[in-house]
Structures are given as C-alpha cells and as structure tokens.
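Here's the letter readout for the chains.
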Amino acid sequence: MGVRAMGALAAVALSLACVLPGTTAWAAEGDGAPGPNEVNPQQMPDSSFIYDTSIADLSSADSYLNNQTVQVVGEVVGDRINAEFDLANCWIALQAVDGSNADVPVFMARESSKAIDRYGAYGVRGTTLQVRGTFHLTCPEHDGLTDLHADHVSVVKKGEDLREPLDPHRFVPGAVMVLLGVVLIIVFYRLRESQR
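Undergrad: Explanation requested: the overall build of the chain in the structure shown.
TA: Counting its secondary structure elements, the chain contains three helices and eight strands. When burial is assessed residue by residue, the chain has 23% of its 196 residues classed as buried. If you sum the accessible surface of the chain, you get close to 14300 Å²; carbon and sulfur atoms cover 59% of it.

Undergrad: It is not clear to me how the pairing of strand β3 (residues 89-96) should be interpreted in this structure. Could you clarify?
TA: As a general feature of sheets, a regular strand has side chains that alternate between the two faces. Buried residues dominate β3, accounting for six of its eight residues. Bridge count for strand β2 (residues 68-82) against β3 is six bridges, and the pairing is antiparallel. Looking across to β3, one finds that V76 is bridged to L94. What sits between the antiparallel neighbours β2 and β3 is a turn of six residues, in which F85 has the positive phi angle 60°. Inspection of the sheet shows β3 paired to strand β4 (residues 103-109) by seven bridges, in the antiparallel sense. Along β4, the bridge assignment pairs L94 with V104. Connecting β3 to the next strand, β4, in antiparallel fashion are six residues, including G99 with a positive phi near 90°.

Undergrad: Teacher, can you tell me more about the side chain of T128 here?
TA: With respect to the helices and strands, the residue T128 is situated in strand β6 (residues 128-136). Here T128 falls in the buried class, since its relative accessible area comes to 9%. Apart from residues no more than four positions distant in its own chain, T128 is found in contact with V73, G74, E75, V97, S154, V155, V156 and K157.

Undergrad: Help me understand the environment of G123, please; the structure alone is not making it clear to me.
TA: Within the secondary structure layout, G123 lies in the loop between β4 and β5 (124-125). In this view, G123 contacts E160, D161 and L162; residues no more than four positions away in its chain are not counted.

Undergrad: Can you help me understand the packing of aromatic side chains in this one?
TA: Remark: the centre distance and the inter-plane angle together describe each pair of aromatic rings, the angle taken between the planes. Scanning the model with the defined rule gives one aromatic pair in all. Between the aromatic rings of W91 and F107, the centroid separation amounts to 5.0 Å while the plane-to-plane angle is 55°, which identifies the pairing as tilted. Of the two residues, W91 sits in strand β3 while F107 sits in strand β4, which places them 16 residues apart along the sequence. Taken as a pair, W91 and F107 share a single burial class, namely buried.

Basis of the calculations
Residues numbered from 1 in each chain as written. Predicted model: local features only at pLDDT ≥ 70, side-chain atom pairs only at ≥ 80, totals over all residues. Heavy atoms only, no water. Helix = DSSP H or I, 4+ residues; strand = E, 2+ residues; numbered from the N terminus. Buried < 20%, exposed > 50% of the residue type's maximum accessible area, 1.4 Å probe, protein only. Areas by Shrake-Rupley, 256 points an atom, 1.4 Å probe, with all protein chains shown as cover. Pairing = 2+ DSSP bridges. Contact = heavy atoms within 4.5 Å. Phe/Tyr/Trp six-rings, centres within 6.5 Å; stacked < 30°, edge-to-face > 60°.

The following block contains the structure:
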C-alpha cells in the first residue's frame, strides 16, 4: 500500500469515528420523544385558525381581522338587549379586562346569555366571558356595525358585587375644607361687625 492509500484510509476512518457517535444519538432520539419534524399522535388538534386576540385589538382592527374567527375574553357590561325581529338572539357589550376600557358588541344566542349572572355597572363586576365567533368590521346583517357574532360562549369568572370598605381617611380633606370655610365665615363676620 502506498502513502496515498494509507492517507485515504486514515481520512475514511477519522470520518467514520466522527459520524458514528452522532448516529447513535440520532437513533436514541428517534426511540424517545418525536423530533421537530415527526408527528406526535398524542398531540391535541391545533386550533391555529382561531385568532386569540384582545378586545382592544378588535376596536382598532383593520381589514385583516374582518370575517375571521376570533376569541376574546371580557367583562359583560351594560344590559342585554333583545335583537329586533329575532327573538332567539340578543346583544351584549363585552369590555376589555386589560384596563383599556375598549368594548365590542356581541351578537349571541339568547340561550347562551343565560350563563351571565351579573352585568357590569358601578359597584358590580360583570361576568367574565370567553367568546369565540366571527368578527365583522362592517357587518352586512347589521347595517355596517362592527360586531362579533358569537359561536361559542363560556364563563371564565362569575360576576360579583364590589363593596368598598368605608375609609375614614377619605373624609379628612373634606372635613378640613368645611372647617376652613367656617373659620373664614367667622373672620368675615367679625371684620364686618368691627367696621360698623
């Protein structure tokens, strides 16, 4: 054997030595958890066609979200309004729970609205709902109104009465102002009497 043949044989042996440990690692990976391109039969169905968005995003939405299936979470505020000429449906207002105060009108089945136990108002936190449905930037059924037609409604959190505890420290500024007003009236009265 010549020097060239020995060099080629050494190069092949070195290549095999580098590749063989990786081959056993690949085999071990294939036996356990699926790799990045393998199908996992245990995985739940993907619902990527649903745009999980916020109500604030819907209030400033562009045509990208028009006629798309979206899912939002919000607090029910105001009152339920029965749909005209359609006794099976109603309207509710869903307000964002992220502090943005954005809201979206939701057109839903009256049967689904029975899950609402409180409507948000002063001193009342409304039921928090997760609503999935079709978002319309200009709804053809409702004279171009921006709305959400609910397909699925579920309760995230029940509503509750909000009772603020009485805080006597909140009365201090008012009491100081009343006392200052009384003192000024007395001073004004004395100055007026002394000028007579």
